[in-house]
Amino acid sequence: MTARTGGARRRGSILAAALALTAFALAPARAQQPETGAVPPATAQPSTPRPDSPSPPAAGLPLAGTLGDHPGWRAYRARFVTEQGRVIDTANGQISHSEGQGYGMLLAVAAGDRASFERIWGWTRANLMVRSDALLAWRWTPDHRPAIADMNNATDGDILVAWALTEAAEAWGEASYRTAARRMAVEFGRKAILFKDPHGPLVLPAVSGFSARERADGPLLNLSYWVFPAFQRLPIVAPEYDWAAVIRSGVDILRQARFGPSGLPTEWISAKDAPRPADGFPALFSYNAIRIPLYLAWAGVGRPEDLAPFRSLWGGLERERLPIVDTANGRPVEWLAEPGYVALSALVACAQDGTPFPDGMDAVQDNQNYYPTTLHLLALIAARMRYPSCVTR
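Figured I'd write up the structure that's included with this text. As the structure is a computational prediction, the values presented were derived from the model and not from experiment.

**Things to note about the overall build of the chain**
Moving on, step 1. Across its full length, the chain holds 12 helices and 10 strands.
Moving on, step 2. Here the analysis covers contacts within the chain between residues at least 6 apart in sequence; of these, 69% occur between residues at least 24 apart.
Moving on, step 3. For the chain, the accessible area works out to roughly 15200 Å², and carbon and sulfur atoms hold 53% of it.

Spelled out as structure tokens, the structure:
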């Protein structure tokens, strides 16, 4: 196994291990409590907006058309999106997951490609929308029967899909997209965001397995699930929630989660008291956490110093690859060598002080796996939307 494929595979296995660990601990409780059971009192209950009430203005910028007819999207679509609309994680056993479907839908909107959007959304609807609520099962495995072995959701995947549907509804005026976005946003807001926590609203990684009732160190958080630009746009479809407070809590927790000599957050964080690395997981800044500065810079929230630990980490001699860091000692334990990852460091430098993207950064190499290619395109979109002076079209 090469370093390139190994990283992405292990990223998937880390999430699977987290869900499996919590699922094992919760097996008796799940048998007693169906998915449609009472919502914990720490979550907000949405009210139904009046039909004649206009949606409040969103703080975020519209996504549609920001990528345009980019050759990177055409290559992405050919390599990772099947004719049926399944987005394939090429370095993770060819599986599909709600995250990938959401990213594919977002990229399709950014490229103005409605046909591909509808294809990806259609596959998602038919194959992942199998729970008893409006959320998505998180993983679909092509060589397993049933293809979905775990009915738990992944909240970041739900957020990405709801955001993509919101952007599609705004771009193309399709009422069914807006209805689906609202149903999903209301559902994860009700079941997976703890609006009354002392830390502020907390985004649980899934409906099951991560709360204080379910883990001794719970609530358990993953800061890469705070998709800040999505929270700026979700008021369009679910205005009853305080999405601005969700953004503030994510930034506040990030400032408290500067662990070890590098000042970096770990993948999994306990919010039982003051934020700390979660029990039972490696204290790594790794595959999920590299998305934190992407979302922070994309939304333009926080202060420049919030990006400083990432800029420091990614601005050294090793500029052609990104390190996975043991936060206990600040040392790299592995490297992400596929070139698409480097677009994240370019975006951080751009957001912090206006450093232009390096020459050639607009070109997306077609021999990479799903994850670095996705992050490369998302970083380009974020820069075009928020920091156009850093990139050339």
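**Things to note about the state of the cysteines**
Note: disulfide means a covalent bond formed between the sulfur atoms of two cysteine side chains.
Moving on, step 1. Across all of its chains, the model carries 1 disulfide by this definition.
Moving on, step 2. The partner cysteine of cysteine 350 in its disulfide is cysteine 390, sulfur to sulfur 2.2 Å. Its torsion about the S-S bond being 100°, the disulfide of cysteine 350 and cysteine 390 is classed as right-handed. Taken as a pair, cysteine 350 in helix H11 (residues 342–353) and cysteine 390 in the segment after helix H12 (370–386) lie far apart in primary sequence, 40 residues in all.
Moving on, step 3. Taking the relative accessible area as the measure of exposure, cysteine 390 reaches 4% and is therefore buried.

**Observations concerning the environment of serine 249**
Moving on, step 1. On the secondary structure map, serine 249 appears in helix H8 (residues 243–256).
Moving on, step 2. Distance from serine 249 to aspartate 197, taken between C-alpha atoms, is 10.0 Å for residues 52 residues apart in sequence.
Moving on, step 3. Look past the residues within four positions of serine 249 in its chain and what remains in contact with it is His199, Gly200, Pro201 and Trp226.

**What to know about the packing of aromatic side chains**
Moving on, step 1. What the rule picks out here adds up to 19 aromatic pairs.
Moving on, step 2. An aromatic cluster of three or more residues is present, and its members are Trp73, Tyr76, Phe80, Tyr341, Tyr370 and Tyr371.
Moving on, step 3. Over the face of the ring belonging to tryptophan 335 we find arginine 321, whose NZ or CZ atom lies 4.2 Å from the ring centre.

**Some remarks on the side chain of histidine 97**
Moving on, step 1. Summarising the element assignment, histidine 97 is placed in strand E1 (residues 96–97).
Moving on, step 2. In this structure the side chain of histidine 97 is engaged in a polar contact, spanning 2.9 Å, whose partner is the side chain of aspartate 89.
Moving on, step 3. Sequence-distant contacts of histidine 97, defined by excluding residues within four places in its chain, comprise Asp89, Leu128, Trp138, Arg139 and Tyr370.

**Observations concerning unusual backbone geometry**
Moving on, step 1. The omega torsion of the bond from arginine 145 to proline 146 falls at 5°, within 30 degrees of zero and hence cis.
Moving on, step 2. Topologically, proline 146 is positioned in the loop between strand E2 (139–140) and helix H5 (155–172).
Moving on, step 3. In the Ramachandran plot, glutamine 94 falls in the positive-phi region, its phi being about 65° despite a non-glycine side chain.
Moving on, step 4. In this structure, glutamine 94 sits in the loop between helix H2 (71–80) and E1.

**Some thoughts on the nonpolar core**
One broad rule of soluble globular proteins: the nonpolar side chains tend to lie buried together.
Moving on, step 1. Within the largest apolar cluster, 125 residues are counted, with the highest numbers of intra-cluster contacts made by Phe117, Phe188, Trp226, Trp298 and Phe357.
Moving on, step 2. No other element matches H12, which puts 11 residues into this core.
Moving on, step 3. Beyond its immediate chain neighbours, meaning those up to four positions away, phenylalanine 188 contacts Leu135, Thr155, Asp158, Ile159, Ala162, Ile193, Leu234 and Trp243.

**Details of the sheet that holds strand E7 (residues 276–277)**
Backbone-to-backbone hydrogen bonds join strands into a sheet, with any given pair of strands oriented parallel or antiparallel.
Moving on, step 1. Strand order across the open sheet formed by 3 strands is E5-E6-E7, with antiparallel pairing between neighbours. The sheet is open, and its two edges are formed by strand E5 (220–221) and E7, each paired on a single side.
Moving on, step 2. Where E5 lies against strand E6 (residues 269–270), 2 bridges are found, and the strand directions are antiparallel. If you follow leucine 221 over to E6, its bridge partner there is isoleucine 269.

**Comments concerning H12**
Moving on, step 1. Over its 17 residues, H12 extends 24 Å from the first C-alpha to the last, a length consistent with the 24 Å expected when each residue adds 1.5 Å.
Moving on, step 2. A large share of H12 lies buried, amounting to 16 of its 17 residues.

**A word on the pattern of salt bridges**
A pair can form between side chains of opposite charge whenever their charged atoms are brought close.
Moving on, step 1. Inspection of every chain in the model, using the stated rule, returns 20 salt bridges.
Moving on, step 2. Residue aspartate 156 is joined to arginine 291 by a salt bridge in which the shortest nitrogen-to-oxygen separation is 3.3 Å. Linking aspartate 156 in helix H5 with arginine 291 in helix H9 (residues 291–299), this pair joins segments that are 135 residues apart in sequence.
Moving on, step 3. Accessibility expressed as a relative area gives 3% for aspartate 156, which makes it buried.
Moving on, step 4. The shortest N-O distance in the salt bridge between arginine 190 and glutamate 187 comes to 3.4 Å. Pair noted here: arginine 190 and glutamate 187 are both in helix H6 (residues 175–191), with a separation of 3 residues, about one helical turn.
Moving on, step 5. Overall, the relative accessible area of 21% leaves arginine 190 in the partly exposed class.
Moving on, step 6. Counted as one network, the salt bridges with shared partners bring together Arg131, Asp133, Glu187, Arg190 and Lys191.

**Focus: the packing of H11 against H12**
Moving on, step 1. Following both chains from N to C, one finds H11 and H12 inclined at 20°, their axes separated by 8 Å at the closest point. In terms of their interaxial angle, H11 and H12 are classed as roughly parallel. Seen along the crossing, H11 lies across H12 with a hand that is left-handed. Residues Ala343, Leu344 and Leu347 of H11 pack against Leu375, His376, Ala379, Ala382 and Ala383 of H12.
Moving on, step 2. Grouping the constituent residues of the contact of H11 with H12 by class yields 7 nonpolar, 1 polar and no charged.

What counts as what
- Residues numbered from 1 in each chain as written.
- Predicted model: local features only at pLDDT ≥ 70, side-chain atom pairs only at ≥ 80, totals over all residues.
- Heavy atoms only, no water.
- Helix = DSSP H or I, 4+ residues; strand = E, 2+ residues; numbered from the N terminus.
- Contact = heavy atoms within 4.5 Å.
- Areas by Shrake-Rupley, 256 points an atom, 1.4 Å probe, with all protein chains shown as cover.
- Disulfide = S-S within 2.5 Å.
- Buried < 20%, exposed > 50% of the residue type's maximum accessible area, 1.4 Å probe, protein only.
- Phe/Tyr/Trp six-rings, centres within 6.5 Å; stacked < 30°, edge-to-face > 60°.
- Lys NZ or Arg CZ within 6 Å of the ring centre and 35° of its normal.
- Polar contact = N/O pair within 3.5 Å; in protein donor to acceptor, adjacent residues only side chain to side chain.
- Core = buried A, V, L, I, M, F, W, Y, C linked by side-chain atoms within 4.5 Å.
- Pairing = 2+ DSSP bridges.
- Expected span 1.5 Å × (residues − 1).
- Salt bridge = Lys/Arg side-chain N within 4 Å of Asp/Glu carboxyl O.
- Axes fitted to C-alpha atoms, helices over the stretch in contact; angles between N-to-C directions.
- Parallel < 35°, antiparallel > 145°, perpendicular 65-115°, else oblique.
- Left-handed = near helix turned anticlockwise from the far one by under 90°.
- Nonpolar A, V, L, I, M, F, W, Y, C, P; charged D, E, K, R; others polar.

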